[in-house]
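# Topology and contacts: notes
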Amino acid sequence: MTENEAPAPSNDESSKTSSEKRPSKKSKVSAEAKQFRRIESNKPQTRKYMSNEISSGKYTIITFLPKFLYEQFRRYSNIFFLSISILQQIDGVSPTGKFTTLGPFLFILTVSAVKEIIEDFKRHRSDRSTNTRRVTVFKGNSTSEVTWADVQVGDFIKINNDQGFPADVVLYSSNDETGICYIETSNLDGETNLKVRQAIPATANVKDEDIPSITGHIECEEPNRFLYEFLGKVSLDGQHEEALGPDQILLRGSKLQNTQWIIGQVIYTGHESKLMKNSSKAPLKQSTVDKMTNRQIFLLFLLLMAIGVTCATLSLWWDGTIGSKMWYFPQDTSDKSYGFPLTMCTFIILFNNLIPISLTVTLEIVRFIQAKFIDKDLEMYYEVSDIPAVAKTSNLNEELGIIRYIFSDKTGTLTQNVMEFKGASIGGIFYDPDSIGDSQNSPLIKKMKKNGKDAEDIKDFLIILAVCHTVIPDRSTGELVYHASSPDERALVMGAEKYGFAFQSRTPTTVTITVNLGTPQTEVYELLSVMDFTSDRKRMSVVVKRPDGSLALFCKGADMMVYDRLSKDSKINSEKMVSGTQGHLDAFSRLGLRTLCLAIKPLQESEYKAWSQEYHAASVNTANHDKAVAAAEERIENNLRLIGATAIEDKLQDEVPETIATLLKGGISIWVLTGDKQETAINIGRSCNLIKDDMQLFIINQSSINATYELINTYLDKLHSQYGEQIPEDIDAAVVIDGKTLNFATSKAVKADFVLLCTSCRVVICCRASPFQKAEIVAEVTKKTGKITLAIGDGANDVAMIQKAHVGVGIAGVEGLQAASSSDYSIGQFKFLKKLLLVHGAWNYNRIGKVILYCFYKNIFFYIIELWFAVESGFSASILFEQWSIAGYNMVFTSAQPLAIGLFEKNVKAEMRMKFPRLYVENQASFSMTIFMMWVAVGLVQSAIVYVMCSVIIGHGIVWSNGREGGLMILGNTVYTYVIIVASLKAGIEIKAWTLPSHIAIWGSIIVWFVFLVAYGIFCASFVTSGAPTDMIGIALMLFQCFAFWLGLPIVVLVCYIPELVYAVMKNHFTSTSEEEQRRFEDVLLEDQDSREKLVLKHESTIAELVLSNICF
Amino acid sequence: MGDAGEKSKKPGNTAFKQQRLPAWQPILTAGTMLPTFFVVGVLFIPIGIGILFFSDNVTEHTIDYTNCYGQGGQTCADVLKATPGKFTSCECEPITFDLKKPMHGQVYIYYALTNFYQNHRRYVKSRDDVQLSGKWNTEPRKDCEPFHKDKGKFIYPCGAIANSFFSDVIQLFKDGQEVPLIKKGIAWETDLLYKYKTPDFWKNAQGVSTASQWAHITKPKAWGKELWEWDEAWGKELWEWDEGVEDEDFVVWMRISAKPNFRKLYRKVNYKINSTSSPGSTLGLPAGQYKFKINYSFPVTNFGGTKSIVLSTTSILGGKNPFLGMAYIVIGAVCLILGILFLVIHINYGKKNYIQPNDTTQEDTAAAQSGEQSSQAQGSSHTIHQVTT
């Protein structure tokens, strides 16, 4: 392809004018046609483009307050607390002073604000450091250094080695004559291997001094988020246009490597760059516990309203009948200002903490630190690649404890994505590469040396492996290292190398290999055309000129793709050879090996010439580019001759079978969604321990909706006859479905039955599923079952699925970081899922549940006491406690106990949880509406016990030998003290593992209350004349001298807890009798041992042995 | 890609980060709980008996005088009713009271009111602590409304509580002789020290004051005398002139009660009784007939309340209150019964409760220990219930 051959500018109208008026109009005409932008070189742009300055910050100084407040007051609870704060400002309405809600509320808002500011400040700072980086820009005849923020669309820039690209840039030229440069894209897609980019020949010779004379333009697509796609044209002189593709694009976020410099022109800037287009925010996920908590809060709100209405009614009745006779009351104000609404407000203020103000903050702190525990877990740290587990969100910590379905990707997740060349089938004969030993003496080489009938095939086979690929050799470290975008390719190239066909180097137009059959020879293959591997094509072809000058097409691809394009001529493809190869392919995939077919087609010079012109025309056709190119490629990739097939082993990740066995026992159903063939998928299923020998298999592989529907219903009928009308949810059976059939199965008519069948089985394997299908299945199951789903994957193709599931887990691994970065949790290995769910998930669920229930309980317990007191104080909303003690209840005296529960509670040890996965299921019962009701009941009963007993012991007031009387404040503070102690002990009873911090939280809170009692009294005494509250003066002194106070304490605490202790003991002994339980545990234990032994056996026999034992010839 | 300089992301191996803080795991089974219950039972019953003994030593006599007769055969209550809203006082016919057994120890006189809601919200807040603390503000706090102003003058002390200050005067006679009653020491020391202070101008004023402040202040509406009249002979003084708000009766009244039925300490009886060893040496009241002379000016019948005089001794636990002692005995007994029940459960079901994955079982001895101290990776025994609760 030279410049002369470039065809005239395409007939597409949009390519000529992409000024601002046209595109919008065009987009309405046809949604399919892409919009283009025209970027002028060395001329003012015809329209304004986005600035290259990026800002990822959420707020600016001006927008902070309104935006922040808007965010905060979208929460109902905050509106509630704000309303309470406002109501308290009305004179005479608040029973607890004006600032007792506003104070804590402002505190909580401030904490959130500070958190937001700190996070935003970090973002702004990183933005600033990015925006102020410098880059060389050509300005007329000179160059100047400008900041990244000042780079504009159309600018010519020069990037030196190791520098990052400030924007998306079209590569014009590099220090290499042919315009090759290398880039590292790990920031973009996580892949650490170097990628090659090459300028088109037309621009490859542009040097610094040529820049001012460029008068052309670039036409390219409007910005989009597809990293590996690009369409455009470039013109240097404004007349001749050349096609641009993804190979000429250098994206922001990547770095220039192993190249001295490049010159390029900026096309997409700032937030229009592909990197920024991809940094979409993950959808906000809310945990199930949160949703239930909201329902519980609503219930409490109803309770609050009921109490408000009841008390206000009683209050007005009391005032009218009894109160009116009380000459000592301030009567005249009562008539004016005490209507029903205000009285009700008074009671709502009094009881407002039934909706706990501190819950949000407590949960935020607890979740934050729980997430840190996940981050810091050494047992989830992958030493090999230095990857710790990362919790990207803390909102879903507890969701990990109630997972019902796991959707797993296969490659890279269950398997290592480390490929090994495990076998070759050439001309219908199997060769085992493991038996090479001395490669020169392997049967394959020997045969080749014999120059027999098969020698030619073997040689072509190895040449295709060595030539037809996109691997980049790198000698920068001194040794020859292959960089490949797919590990399969590298495995094949290395396989060829093993047999003496070593790939050495490539230029854009040549590939050099050394053939070592005794004496090394260098052979150069000229690359005439390259048709890349894509997920649609599933094959790669190259047209080469062999060293002897003959032309040939080499094709390497999926068996179906290659078999479809084989020549029917039996002279070219003998029946025996084709079916023999097919037999090997089946055998390979039964072993879980990945297969590729190799084929060849000799070409005539003229035949190729004609085709190559068609192909060029298609590639510059911007309107129908994809279709045209595909059609052109079809025209040459046909009539192929089958050479053979390769087998590559996809190694399992560490401990995958064990992890899967454990998770299945934890009541979790596992779905594997893979792009593999059915046979491969089933075999991976077997080797992963997903499918056991005695399992029922429901294979669904049909070619029409009706057939699919019928088959599914046949299976369902079978299950109905086995289990009756209600099919249980965890039958030990596996469904295997093919990607094509999946389309039918997820169609409207069949969907319901399909989901029913799948959710009844413990294991589901979907083969040949596309990323879209993966996401669709996850969404469907999530919606239909209402159960909690987890999707785990490692590649970009899993992102959709990860975002659709309740919890998305990404594996940070070989296929890049894209899955990990869009996930909620990222881990280094599949096996860590076990601890993440069984230990962290279960603990967090238990902890969060208890924290929430405890927060509800402590407020009900404390505030309902005011209700009992109201009965004895004429329903006047009189408070039993000093007003600031009330405010301190949630903020100080009972703030540490929930943290102790949320951070240090361990109802069952980690080792036990790992050993007995059934505990994971049992743990899920620890938070429910019923349990919530029980806690509420405990709070109500305890509040009645404490109030009634205190009022009998202390209420009459004569509690000292000096005959003095205590009154309201002594009763109030006695009750308060008992409440703090009883509430702290409740935390203590719920805590099954008392660590040092738990002790500090529980006993410390009690001590802090006593210290407060003394200190606050002294403080008030010192500032009486300044208007300090006087209620607490002398209370500590009098209370501590009071024997009744100390003697009442153990009695009240015991009365509160005897029922609870008896209940706990009885429950331990008599519900789901322990004998039964023990039996079950033994089962689990034995089962565990059994499966472990089996697994060991499986692992000991190597793949090679299995290959040999499976293939007989 | 020089990873030589990069720091490893390996998390630190600390007990906190790895969630391996040593923990004590209390186990709630019959076996572990039963010693606690036995100990509680054995301890509480004698304590309860002791408390009951103290409470029983307290003697207490209550004399209801709500409907005492004034001069002219009318009850004082009716006399007061005739002039609603206006201060009226009525001299009760002396009330006789027979003390059958002598009272030993310090005898306290209380007045007891029923159906008086000192704890009502509007009543509780109707006071001005700054005013009471001796800092002279010209205008009382709004909380005092409507008891903050009268005829253009500010009320001192303001508010409903001060306004309804208990004004009855009680005197005790034995054989025609007045029994000496002590007022000093009935209020909390801390109240007198910090909360109630007469302003300086008051203390500096001599007798009927000429201080300019008087021009702006007036007494609470329900009170019988102007503030400056209180030094004159008027039965018994409600307020000693030089005390003002520091008057202990006033301070006691201002400490509001928890319940609508309450007692407040009125006086300490300063009377010696003949003990067996040395005559006239210990405090107490001998048996015999007593007369109470009461100046009745505090209306209670209109809101259905009653007024009583209570004569009472105290123990270290204060007044008579058998509940605490009874509670100790009952709870002690319940714990003993539960202890026995748990013992039965433990013997019959106890051992089956353990699963022993690592064969490190704690048998019954574990019950006696307070709990198990489990350290890092050591797999100590676990019980099923930990799992299920």
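Residues numbered from 1 in each chain as written. Chains lettered and ligands numbered in written order. Predicted model: local features only at pLDDT ≥ 70, side-chain atom pairs only at ≥ 80, totals over all residues. Heavy atoms only, no water.

The test is simple: UniProt positions are given in the numbering used here, feature names are shortened, and annotations may be inferred rather than shown by experiment.
The name an unreviewed UniProt entry gives chain B is Cell cycle control protein 50A, with Allacma fusca as the organism. Quoted straight from UniProt, the Subcellular location (unreviewed entry) entry for chain B says "Membrane". Here chain B is described in UniProt, under the heading Sequence similarities (unreviewed entry), as follows: "Belongs to the CDC50/LEM3 family."

Per an unreviewed UniProt entry, the recorded name for chain A is Phospholipid-transporting ATPase, and the organism is Allacma fusca. Regarding chain A, the UniProt comment filed under Cofactor (unreviewed entry) reads as follows: "Mg(2+)". Regarding chain A, the relevant UniProt record gives this comment under Sequence similarities (unreviewed entry): "Belongs to the cation transport ATPase (P-type) (TC 3.A.3) family. Type IV subfamily."

### Concerning the sheet that holds strand β4 (residues 156-160) of chain A
Residues and elements named next belong to chain A. Applied cut-off: Only strands that DSSP links by at least two bridges are regarded as paired with each other. Each helix corresponds to a stretch of at least 4 residues labelled H or I by DSSP, and each strand to a stretch of at least 2 residues labelled E; elements are numbered beginning at the N terminus.
On the basis of which strands lie adjacent, the open sheet formed by six strands has the order β3-β2-β4-β13-β5-β11 and antiparallel pairing. Both edges of this open sheet fall to β3 (142-147) and β11 (249-250), since each of them pairs with a single strand only. The pairing of strand β2 (residues 134-139) with β4 spans two bridges and is classified as antiparallel. Each residue of the ladder has a partner; that of T136, found in β4, is K158.

### Digging into the UniProt feature "transmembrane region" (unreviewed entry) in chain A
Residues and elements named next belong to chain A. On the UniProt side, "transmembrane region" (unreviewed entry) is annotated at positions that read residues 297-318, 338-366, 851-871, 883-904, 925-954, 966-988, 1000-1026 and 1032-1058 here. Taken end to end, residues 851-871 is 100% helix and 0% strand, and its two terminal C-alpha atoms sit 31 Å from one another. Between the C-alpha atoms that bound residues 966-988 there is a distance of 31 Å. The span itself is 91% helix and 0% strand.

### Structural notes on the UniProt feature "transmembrane region" (unreviewed entry) in chain B
In the UniProt entry, the feature "transmembrane region" (unreviewed entry) is given for residues 27-54 and 323-345 of chain B. End C-alpha to end C-alpha, residues 27-54 of chain B measures 38 Å, and it is 89% helix and 0% strand.

### Structural notes on the packing of helix α26 (residues 832-872) of chain A against helix α28 (residues 896-904) of chain A
Residues and elements named next belong to chain A. The cut-off we apply is this: For every element, the axis is a line fit to its C-alpha atoms; helices are fit only across the contacting stretch, and the angle between N-to-C directions ranges from 0 to 180 degrees. With respect to orientation, any angle under 35 degrees is reported as roughly parallel, any angle over 145 as roughly antiparallel, any angle of 65 to 115 as roughly perpendicular, and every other angle as oblique. Helix crossings get a hand from a simple test, with the near helix turned counterclockwise from the far one by less than a right angle marking a left-handed crossing and a clockwise turn marking a right-handed one. In what follows, a contact means two residues having at least one pair of non-hydrogen atoms within 4.5 Å. Polar here means any residue other than Ala, Val, Leu, Ile, Met, Phe, Trp, Tyr, Cys and Pro, which are nonpolar, and Asp, Glu, Lys and Arg, which are charged; Gly is therefore polar.
Two elements in contact, α26 and α28, have axes whose closest approach is 8 Å; the angle formed by their N-to-C orientations is 165°. On the basis of their axis angle, the class for α26 and α28 is roughly antiparallel. Read as a crossing pair, α26 and α28 show a hand that is right-handed. Listed contacts from α28 to R847, K850, V851, Y854, C855 and K858 of α26 are Q897, P898, I901, G902, L903 and F904. Residue composition of the contact of α26 with α28, by class: seven nonpolar, two polar and three charged.

### Concerning the state of the cysteines
Residue and element names in this part refer to chain B. Filter applied, for reference: A pair of cysteine sulfur atoms is labelled a disulfide when the two atoms are within 2.5 Å. For every residue, the accessible area (1.4 Å probe, protein chains only) is compared with the maximum for its type, and the residue is labelled buried under 20%, exposed over 50%, or partly exposed between those bounds.
Here the structure, examined in full by the defined rule, presents three disulfides over all chains. C68 shares a disulfide with C92; S-S distance 1.7 Å. A residue pair is termed long-range when its members are at least 10 positions apart, and C68 in the loop between β2 (60-64) and α2 (76-82) and C92 in the loop between β3 (90-91) and β4 (95-99) qualify at 24 residues. Each member of the pair C68 and C92 is classed as buried. The connectivity of the disulfide-linked cysteines in chain B, indexed sequentially, is 1-4, 2-3, 5-6.

### What to know about the nonpolar core
We apply this condition: Nonpolar cores were defined as sets of buried Ala, Val, Leu, Ile, Met, Phe, Trp, Tyr and Cys residues, with membership established by side-chain atoms within 4.5 Å. An automatic or database domain assignment supplies the residue ranges for each domain.
Residues A:L833, A:V946, B:W253 and B:Y296 are the most contacted members of the largest nonpolar core, which totals 258 residues. The biggest single contributor to this core is α26(A), with 24 residues. Mapping this core onto the domain boundaries places at least three of its residues in each of domain 1 (30-58 + 318-342) and domain 2 (60-313) of chain B. Among the nonpolar cores identified, the runner-up in size contains 43 residues, and A:I458, A:A484, A:V511 and A:V542 belong to it.

### Observations concerning the sheet that holds strand β25 (residues 593-603) of chain A
Residues and elements named next belong to chain A. Strand order in the open sheet made by the nine strands is β17-β16-β26-β25-β24-β23-β22-β21-β20, with antiparallel pairing throughout. Strand pairing shows two members of the sheet lacking a second neighbour, β17 (429-431) and β20 (501-506), which therefore form its edges. The mean inter-strand angle of the sheet, taken between neighbouring strand axes irrespective of direction, is 30°. In terms of strand pairing, strand β21 (residues 510-517) meets strand β22 (residues 519-531) through eight bridges, oriented antiparallel. When the bridges of β22 are listed, N516 appears paired with P520.

### Some details on the side chain of A:S85
Structurally, A:S85 can be placed in helix α3 (residues 76-88). On the basis of relative accessible area, A:S85 is assigned to the buried category, the value being 2%.

### Topic: the interface of chain B and chain A
Our working definition: Note on definitions: buried area is the accessible-area loss of two parts on being combined, 1.4 Å probe, summed for both. Throughout this description, the term salt bridge denotes a Lys or Arg side-chain nitrogen within 4 Å of a carboxyl oxygen of Asp or Glu. Polar contacts here mean pairs of N or O atoms no more than 3.5 Å apart (in protein, one a potential hydrogen donor and the other a potential acceptor; neighbouring residues in sequence count only if both atoms are side-chain atoms).
Taken together, the contacts link 108 residues of chain B with 111 residues of chain A. Between chain B and chain A lies a buried interface of about 9,800 Å² when both sides are counted; carbon and sulfur atoms form 63% of it. When the area that chain B buries against chain A is broken down by residue, the three leading residues are B:Q19, B:R121 and B:R122, summing to 9%. In this assembly, chain B and chain A are joined by seven salt bridges. Remark: the boundary between chain B and chain A carries 34 residue pairs in polar contact (both at pLDDT 80 or more). At 11 residues, helix α9 (residues 322-349) of chain B tops the list of elements feeding residues into the side of chain B that touches chain A. Of the residues that constitute the side of chain B that touches chain A, the class distribution is 57 nonpolar, 32 polar and 19 charged.

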